[in-house]
Amino acid sequence: MLVAVVLVGCAHGKPNNDGVDAAPDTPVVVDSGCGMLPCQAIYVAPSGSDTAAGTKDAPVQTISAGITKAAAAVPAEAVVVQAGSYAETLVVPSGVMIYGGFDASWSRAASATTEITGASPAVTFQAITATSGLDHVTVKSADAAQPGESSIAVVVMGSSMMVELRTVTLLPGNGAPGKDGGNGTAGAGGADGIIGQKGVEHSGSFGCSNNTLPVPGAGGTSTCGRAGGAGGAPGVGSGAGATGAPGAGGTPGGVGGATTKPGTAGTPGANGTPGMLGSGGMETGVFAGAVYMPSNGGNATAGGNANGGGGGGGGGGGTNNCDSSGSSGGGGGGGGCGATPGTAGTGGGGSFGLVAIDSHVNLTASMITAGTGGAGGKGGQGGQGGLGGAGGLGGPYGGSNDQDDGGNGAAGGKGGDGGTGGHGGGGGGGPSAAVVCVGTGTISLLQSPMLTGGTGGAAGASPGNPGAPGLSTRSIGCSFF
């Protein structure tokens, strides 16, 4: 039998007479007995068996089995695949070319479609040092399922030799949406201040009563350490009432009243500061190797705790007839606690046809159409700050027979309201790109390939800063030659 060694295919991927594009500068042995196909080849057909020899008459059933047999040969052989849908996820080793588009008689036919459908990435080339690739093959990667996960049809990583993709159709699935952030929780409220006590007659003179002096009203408590100040003690006789204690955070208490005069009210506590808003995610994230890292929204901060109210000043004492006390001041209200923030939404996953990482790819007469990026997750709403407690009222007048001309104590100041938690940022929508280049990745475009970005994922909503819609583009980071 006459056998010829023919050098077919230049740097432009010129096809053989039978339509099989040989690798550039790769000798392919053909003769009439092989039907003008590579003689050193493993054959794959849906009707085959993976225990078969992998010949035309005894093909294997799966492309992965064909690849295993082809890679075991020295040098590696081609893999020739009949039309059909092959539900496989493939890793193609160095030196293996996969030729599709053959009918049941092993002839190339326009109607014969060889389709690989697998989980992302459906086909991977890694550390290629001898010409490898796909020819007349359609690759579809499944839609991403986990939050923020991407779908990639073909990945080429760390390959010093060009990977050849000739007359291929790459159809990545859709990226998965990001996760919604959670809402924050409300801050605890401050307790009300305690009311002051009424004034009494307090004298050691003959015929006068010597009653127990009124106790100032206590400040309202606070679970975040922002209690109100206690009210001021009353004056007795010609004495002035005491100034109310400051509330937590330094809120001044009210000044005590001079003889026979009422005290002044405590100062209300300052409100807590609202939490800072989280930033929105961007239109595209970054690749870490072959893994796309979505652009998540930023986290917000918690609301600040409020200050406690100052205690009310005590009333001044009285001297008419028998000495008497004023009534005591009321306690300041406890400060409300700040709320926790809403958490950020995470970014949506992307849809990418071809990702070249530190590798060069020849893309010839092919079509890549990206799918839809995943929507960004919603940013959570910050919780409401806790309300400050009311200030306790000043002690009531004790009556003309007891308090007589003593002054009344004043009310404590209200506790401040806790700050609202910040809203989490919305996640960025997932990008949709036909090709992506990472690191030193480059792509040569031959014979007018068609590269089409799909629809970028919707922006993640937020009561604060929403994310950006996902990028829709022909390429990300690529230099074309």
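Coordinates for the structure precede this section.
Bear in mind the structure is a predicted one, so any value in this text is a computation, not a measurement.

Rules behind the numbers
- Residues numbered from 1 in each chain as written.
- Predicted model: local features only at pLDDT ≥ 70, side-chain atom pairs only at ≥ 80, totals over all residues.
- Heavy atoms only, no water.
- Helix = DSSP H or I, 4+ residues; strand = E, 2+ residues; numbered from the N terminus.
- Buried < 20%, exposed > 50% of the residue type's maximum accessible area, 1.4 Å probe, protein only.
- Contact = heavy atoms within 4.5 Å.
- Pairing = 2+ DSSP bridges.
- Axes fitted to C-alpha atoms, helices over the stretch in contact; angles between N-to-C directions.
- Salt bridge = Lys/Arg side-chain N within 4 Å of Asp/Glu carboxyl O.

A. Inspection of the side chain of Ser 222 at higher detail. Summarising the element assignment, Ser 222 is placed in the loop between β14 (169-171) and β15 (286-288). The class for Ser 222 is buried, based on a relative accessible area of 15%. In this view, Ser 222 contacts Ala 227, Gly 335 and Cys 337; residues no more than four positions away in its chain are not counted.

B. View of the environment of Pro 252. By the secondary structure assignment, Pro 252 is in the loop between β14 and β15. Taking relative accessible area as the criterion, Pro 252 reaches 47% and is therefore assigned partly exposed. C-alpha of Pro 252 to C-alpha of Thr 267: the two residues are 15 residues apart in sequence and 5.7 Å apart in space. Those residues in contact with Pro 252 that lie beyond four places of it in its chain are Gly 266, Thr 267 and Gly 310.

C. Examining the sheet that holds strand β23 (residues 472-476) more closely. On the basis of which strands lie adjacent, the open sheet formed by 6 strands has the order β6-β9-β12-β17-β20-β23 and parallel pairing. Because the sheet does not close on itself, it has two edges, and the strands there are β6 (90-92) and β23. The mean inter-strand angle of the sheet, taken between neighbouring strand axes irrespective of direction, is 15°. Sheet analysis places strand β12 (residues 151-157) next to strand β17 (residues 351-357), joined by 6 bridges and oriented parallel. Note on β17: the bridge partner recorded for Met 157 is Ile 357.

D. Examining the pattern of salt bridges more closely. Counting across every chain of the model gives 5 salt bridges. Between Glu 115 and Lys 140 there is a salt bridge whose closest N-O contact spans 3.1 Å. Taken together, the residues Glu 115 in strand β8 (residues 114-118) and Lys 140 in strand β11 (residues 138-141) connect sequence positions 25 residues apart. Residue class for Glu 115 comes out buried when judged on its relative accessible area of 17%. With a relative accessible area of 31%, Lys 140 lands in the partly exposed category. Residues Lys 414 and Asp 417 are paired through a salt bridge, measuring 2.9 Å at the closest nitrogen-oxygen approach. Classification of Asp 417 as partly exposed rests on a relative accessible area of 24%. One continuous salt-bridge network, built from bridges that share partners, spans Arg 108, Asp 135, Glu 164 and Arg 166.

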